[in-house]
Amino acid sequence: ADEYRYWLGEAYAQTGNYRVAAETLASVAREFTNSARLLEASYGEALARFRLKDWKRVAALIEDPAGTFQRAAAARASDELVVRGRLLLGEALFEAGEFARAREALHTISEAELIPEYKWRRQYLLCRVHLAEGRLEETLTGTTNLVVLAAATGQRNLEAESISMQGEVLRRLGRLEEAARAYERNLSDTTPPDRQRRALLHLIQLALAEDRIEEAEQRLTAFLARRPEDAATDIILLTLGEVNLRRHLRGVTNTLASPAGAPANGVTNHLQAALAQFDTLLRTQTNSPLRGRAQAGRGWCHWIEGRLAESQAAFKAAAELLPPSDEQAVARFKLADTLFLQNDHTNAVQHYRALLVDFAGVPQVREVLFDRAWYQVLRASLALNDTAGAQEAMRRLLREHPESFFADRSMVLLGHKLMELGEPAEARTVLEDFVRRYPQSELRAEVELSIARSAARQSDWRTAIQRYDGWLERFATNVLRPRAEFDRAWAYAQSGQATQALALFTNFVTRFPTHELAPLAQSWIGYHYFEARDFINAQRHFQTIVENTNWPVTRLTFQARMMAGHAAFARQGWKDAAGVNGHYTLLVSTCPYDDLVAEALFALGDTYTQDPDPANPLKKFDDARVAFQKITTLYPTNPLVSRAWGRMGDCYLQLAANDPKLYANALESYQRAMLPPADVETRSLAQFALGQALERQAPLVADGTNLLRQAFEHYYAIVTGKNLLDNEQPVAHVVKQAGLAAARLKESRGEWEIAARIYQRLGDLLPSQRAMLERRRQRAIEQRSSVEDP
């Protein structure tokens, strides 16, 4: 029965069912106290408990003086199992971290009693204890003896293990060349393959630690070529991929450090080689536990290449394949990063937040990634205009990682976004809190400048000016000084202190002539003189923007040329405005912005109508008509099209004085000017001009009375508001002109009562003109009375 129970326990142990094996073997000592198998059973139970990592139970089973093992060992003192049991005790104590007790247990074993293999095992465990205790020199001495003991066993794997430990101790002592020589001894053909692999990987780690990347790659490539079917192919391929990735990154670093900026030889090839090795591992090693790391490597390769969709897929696969670990956390973080950079901010936030929840209890991940993750949550939330989410991320970052590189930057980002969203008061609260928290931050100048801008955004010009003045005193040499000077000048301008603003903008252009804001400052100066009706100086300052070759040609350049043309027009400098090299003319031929070209054509047409030519007084209207017509044909969707049709009608109306057939063109132009999307003023002016054209045409045709009636109807529609759409208000100056024209037509036909009613309505619509209109109404009433009373 005891034999049966013992071998049953051994069978359970052989199948890996260590818990049942331990219980079965324990029952031998418990139920068969005189069995000849007591020593075997007690040792077998302890070994099963060891496999279950129940270190304390193992130690108790072997150490207990009253226990089965000790009692059986006393009866069989020279048995091999006694030695094996004591060695097992030492291993259990070592694994439990009780290094002193383990050392004592091993010292109780007399070497004289041991066969060579057990001598090696005792010494090997002693070396491990010394190494764990940090006693490196003592361990190194022990490994020398360990190598001798291994040779005595005749077992090459034990000798290789001894050499490997010696190499590890030398590495920890910083004696890297000696460590490399030790590992190289394990590369011989007589060394078992798995030990050769370990030696190779140790040598590669040494090479990488000393940045001897090429050597590491050469060793890996040579090993793979020699043993393509080796069991370690997956780790060799993975390490090759990681080595090539490092070589690429080193090449990029060297390129950035190079004055010429020339790419390092083979930089791209290293990246492609890394990707190929990761792909080979995934294709050929379908069951490898390293597939997750290979996918992570692919993710980094595609990230470097800027192929975000491929990088996203690789990092997603890595996150799914890797076990919970630092590496999985990084893969999940980079997956979120790829989503962020592809503007999928909603999913990016979800992945960052999931990382923060799932790894909350992992200190090393919290220390390395959490501040970055909260910062990215903040950035993504801001991109979604989710200020509540961004504020929460900022608060967590400040509370949990106040010393982080990203902490102060989070406040700056949020403050700027709040400003952008039109919440300057909230922005100022965040930014002022930043100044209190991080008074020595390198971002303080930028933040205090933003605080001044927040006051400007609220139109609190007095506070803004005070802030800008204070900033310029505190940060006189800061790189942001030009921006502060410009903003201060702008604040003075908005506060109504134009003279001071003019001085500041002029000084800005003088002190910072190459700054990007210099053209804008020059533009403000031009507008200042234009609004003051000093058109000569206005034109001169706007022309400076156009002619300064040190300033980039931007939309502002062409806007400045437009304003120079307007200034020339205002001072009647027709040639400067519309001559061969006039501003409007040059805009039409050189400006790349369609809306500005359309505006220039309109201004060109207006200028032509003003430029007198005594020799051919009507030619200017034909030239103007051509300019207006170009707007309607070249830019049919431009808002100026309706007005251009109206101005074309004006030109045809003038030209019809010589060619009455052009009245039809004028009428058609006015009618087209009244079509959508014309605004109420454009429609009203066109309808009034339509009436004028009909009036002028009336004397020239047989049915002139009918044309006069139509003209009156157009005038009267403006007066009564029949030309207005829903919610539109009448245009006062057009109503006045149309009303006076309508009343005049009725007066000419002696219809004084209708004329009087028109004057009455005009008086109601135009209170400021009521006195004049009342006089006309009274005169009409008097005329009606004189006709009725012979």
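The model shown is predicted, which means the values in this text are computed figures rather than measured ones.

### Some points on the overall build of the protein
Now for step 1: What the protein contains, in helices and strands, is 41 helices and 0 strands.
Now for step 2: Rg of the C-alpha trace for the protein: 47 Å, well past the compact-globule value of 28 Å for 790 residues, more than 25% over.
Now for step 3: Along the longest, intermediate and shortest principal axes, the C-alpha atoms of the protein span 160 × 60 × 55 Å.
Now for step 4: Of the contacts made within the protein by residues no fewer than 6 positions apart, 52% connect residues no fewer than 24 positions apart.
Now for step 5: Counting only carbon and sulfur atoms, one obtains 50% of the accessible surface of the protein, whose full area is about 39100 Å².

### A word on the nonpolar core
Now for step 1: Of all hydrophobic cores here, the largest spans 70 residues; its most connected members are Phe-628, Ile-631, Tyr-670, Phe-688, Tyr-715 and Leu-762.
Now for step 2: Core analysis: the next-biggest nonpolar cluster, separate from the first, contains 42 residues, Leu-355, Ala-380, Val-430 and Val-435 among them.

### Some words on the side chain of Ser-684
Now for step 1: As for its position among the elements, Ser-684 is in helix H37 (residues 680-697).
Now for step 2: Relative accessible area serves as the criterion here: at 2%, Ser-684 is assigned to the buried category.
Now for step 3: Here Val-680 takes part through its backbone oxygen, which lies 2.7 Å from a polar atom of the side chain of Ser-684.
Now for step 4: Discounting residues that sit within four places of it in the chain, Ser-684 has contacts with Ile-718, Asn-723, Val-731 and Val-734.

### Examining the packing of helix H24 (residues 444-457) against helix H25 (residues 461-474)
Now for step 1: Interaxial distance between H24 and H25 falls to 7 Å at its minimum, and their mutual angle equals 165°. Taken together, the axes of H24 and H25 are roughly antiparallel relative to one another. Crossing of H24 over H25 shows left-handed handedness. Contacts between H24 and H25 pair Ala-445, Glu-448, Leu-449, Ile-451, Ala-452, Arg-453, Ala-455 and Ala-456 from the former with Trp-461, Thr-463, Ala-464, Arg-467, Tyr-468, Trp-471 and Arg-474 from the latter.
Now for step 2: Looking at the contact of H24 with H25 residue by residue, the class counts come to 10 nonpolar, 1 polar and 4 charged.

### Looking at the pattern of salt bridges
Now for step 1: Applying the stated criterion across every chain, the model contains 59 salt bridges.
Now for step 2: Taking the shortest distance from any N to any O, the salt bridge between Arg-488 and Asp-469 comes out at 2.9 Å. Highlighted residues: Arg-488 in helix H26 (residues 481-494) and Asp-469 in helix H25, separated in sequence by 19 residues.
Now for step 3: The partly exposed category is assigned to Asp-469, whose relative accessible area is 23%.
Now for step 4: Look at the salt bridges and you will find they share partners, linking Glu-3, Arg-37, Glu-40, Arg-76 and Asp-79 into a network.

### A closer look at the environment of Phe-340
Now for step 1: Counting through the fold element by element, Phe-340 comes out in helix H18 (residues 326-341).
Now for step 2: In the structure, Phe-340 is positioned 12 residues away from Tyr-352 in sequence and 9.9 Å away in space, judged by C-alpha atoms.
Now for step 3: Among all residues touching Phe-340, those that are not within four sequence positions of it are His-345, Ala-348, Tyr-352, Gln-376, Arg-379 and Ala-380.

### Describing the packing of aromatic side chains
Now for step 1: This structure, assessed with the given rule, holds 21 aromatic pairs.
Now for step 2: Site record: aromatic cluster; members linked through ring pairs are Phe-486, Phe-505, Phe-508, Phe-512 and Trp-524.
Now for step 3: We note Lys-334 situated over the ring of Trp-303; from NZ or CZ to the ring centre the distance is 3.5 Å.
Now for step 4: Over the ring of Phe-405 we find Arg-409; its NZ or CZ atom is 3.8 Å from the centre of that ring.

### As for helix H20 (residues 363-383)
Now for step 1: Its 21 residues give H20 an end-to-end C-alpha distance of 30 Å, which sits within 8% of 30 Å, the value for a rise of 1.5 Å per residue.
Now for step 2: In the structure, H20 departs most strongly from a straight axis at Leu-369, where the bend amounts to approximately 50°.
Now for step 3: Taken from the residues just after H20, Asn-385 is the one with a positive phi, measuring 60°.

### Thoughts on the packing of helix H38 (residues 704-720) against helix H39 (residues 732-748)
Relative orientation and spacing of two packed helices are given, respectively, by the angle between their axes and the distance between those axes.
Now for step 1: Interaxial distance between H38 and H39 falls to 8 Å at its minimum, and their mutual angle equals 140°. With respect to each other, H38 and H39 are oriented oblique. Between H38 and H39 the crossing geometry is left-handed. Across from Leu-708, Ala-711, Phe-712, Tyr-715, Tyr-716, Ile-718 and Val-719 in H38, the residues of H39 making contact are Val-734, Val-735, Ala-738, Gly-739, Ala-741, Ala-742, Leu-745 and Lys-746.
Now for step 2: When its residues are assigned to classes, the contact of H38 with H39 shows 13 nonpolar, 1 polar and 1 charged.

### Observations concerning the side chain of Thr-607
Now for step 1: Along the polypeptide, Thr-607 turns up in helix H33 (residues 594-610).
Now for step 2: With a relative accessible area of 1%, Thr-607 lands in the buried category.
Now for step 3: Leave out the neighbours within four places in its chain, and Thr-607 touches Phe-569, Trp-574, Ala-577, Ala-578 and Tyr-584.

### Examining the environment of Asn-478
Now for step 1: Looking at the secondary structure, you find Asn-478 in the loop between H25 and H26.
Now for step 2: Expressed as a C-alpha distance, the spacing of Asn-478 and Asn-581, which sit 103 residues apart in the sequence, is 43 Å.
Now for step 3: Non-local contacts of Asn-478, meaning those with residues more than four positions away in its chain, are made with Ala-445 and Trp-471.

### Topic: the confidence of the model for the protein
Now for step 1: When pLDDT is averaged along the protein, the result is 91, and 95% of the positions lie at 70 or above.
Now for step 2: Per-element mean pLDDT across the protein ranges from 68 in helix H13 (residues 213-226) up to 98 in helix H30 (residues 555-570).
Now for step 3: pLDDT under 50 marks residues 253-267. Its contacts with residues more than four places away, or in other chains, come to 9 contacts.

### A short note on the environment of Arg-761
Now for step 1: For Arg-761, the location among the structural elements is in helix H40 (residues 752-765).
Now for step 2: Residues Arg-761 and Lys-575, 186 residues apart in the sequence, show an inter-C-alpha distance of 45 Å.
Now for step 3: Arg-761 has contacts with Val-719 and Thr-720, leaving out every residue within four places of it along the chain.

### A short note on unusual backbone geometry
Now for step 1: With an omega of 10°, the peptide bond running from Pro-676 to Pro-677 counts as cis.
Now for step 2: Structurally, the position occupied by Pro-677 is in the loop between helix H36 (662-673) and H37.
Now for step 3: Positive phi, normally seen in glycine, also occurs at Asn-385, with a value near 60°.
Now for step 4: Note on placement: Asn-385 falls in the loop between H20 and helix H21 (387-400).
Now for step 5: We note that Gln-572 has phi near 65°; this positive angle belongs to a residue other than glycine.
Now for step 6: When you line up the elements, Gln-572 lands in the loop between H30 and helix H31 (574-578).
Now for step 7: Classification of Gln-572 as exposed rests on a relative accessible area of 56%.

### A word on helix H27 (residues 498-511)
Now for step 1: When the terminal C-alpha atoms of H27 are compared, their 20 Å separation across 14 residues agrees well with the 20 Å that a helix rising 1.5 Å per residue should span.
Now for step 2: Restricting attention to buried positions, one finds in H27 the residues Ala-501, Leu-502, Leu-504, Phe-505, Phe-508 and Val-509.
Now for step 3: Contact partners of the buried residues in H27: H26 and helix H28 (518-531).

Here is what the cut-offs are and how they apply
Think of each chain on its own: its residues are numbered from 1, step by step along the sequence as written. Local features are withheld for residues below a pLDDT of 70 in this predicted model, meaning they are given only at 70 or higher, and side-chain atom pairs are given and counted only at 80 or more; totals for whole chains, interfaces and linings count all residues. Where side-chain values are given, they derive from all heavy atoms of the structure, hydrogens and water being excluded. Secondary structure elements are defined from DSSP: runs of H or I of at least 4 residues count as helices, runs of E of at least 2 residues count as strands, and each element is numbered from the N terminus. We take the radius of gyration over the C-alpha atoms and set the globule estimate at 2.2 Å times the residue count to the 0.38 power. Any two residues having at least one pair of non-hydrogen atoms within 4.5 Å are treated as being in contact. Computed with the Shrake-Rupley method and a 1.4 Å probe, the accessible areas treat only the protein chains shown as cover for residues. Residues belong to a common nonpolar core when they are buried Ala, Val, Leu, Ile, Met, Phe, Trp, Tyr or Cys residues joined through side-chain atoms within 4.5 Å. Working definition: with a 1.4 Å probe on protein chains only, accessible area under 20% of the residue-type maximum means buried, over 50% means exposed, and in between means partly exposed. For this analysis, a polar contact is any N or O atom pair within 3.5 Å, provided that within protein one partner can donate a hydrogen and the other can accept it, and provided that sequence-adjacent residues contribute only side-chain to side-chain pairs. Lines fitted to C-alpha atoms define the axes, with helix axes restricted to the stretch in contact, and inter-axis angles between N-to-C directions lie between 0 and 180 degrees. By the definition adopted for this analysis, an angle is roughly parallel if under 35 degrees, roughly antiparallel if over 145, roughly perpendicular if from 65 to 115, and oblique otherwise. Crossing handedness is read from the near helix: turned anticlockwise from the far helix by less than a right angle, it gives a left-handed crossing, and turned clockwise, a right-handed one. Amino acids outside the nonpolar list (Ala, Val, Leu, Ile, Met, Phe, Trp, Tyr, Cys, Pro) and the charged list (Asp, Glu, Lys, Arg) are all regarded as polar, and Gly is one of them. Within this document, salt bridges are pairs made up of a side-chain nitrogen of Lys or Arg and a carboxyl oxygen of Asp or Glu, the two lying within 4 Å of each other. Centres within 6.5 Å are what make two rings of Phe, Tyr or Trp a pair, Trp counting through its six-membered ring; a difference in plane orientation under 30 degrees is then read as stacked, over 60 as edge-to-face, and the rest as tilted. Lysine NZ or arginine CZ positioned within 6 Å of the ring centre and within 35 degrees of the ring normal marks a charge as sitting over the ring. By this rule, a helix spans an expected 1.5 Å times one less than how many residues it contains. We define the bend at any residue as the angle between the axes fitted to the seven residues before and including it, ending there, and the seven starting there. For every residue, the predictor states its confidence as a pLDDT score lying anywhere from 0 to 100.

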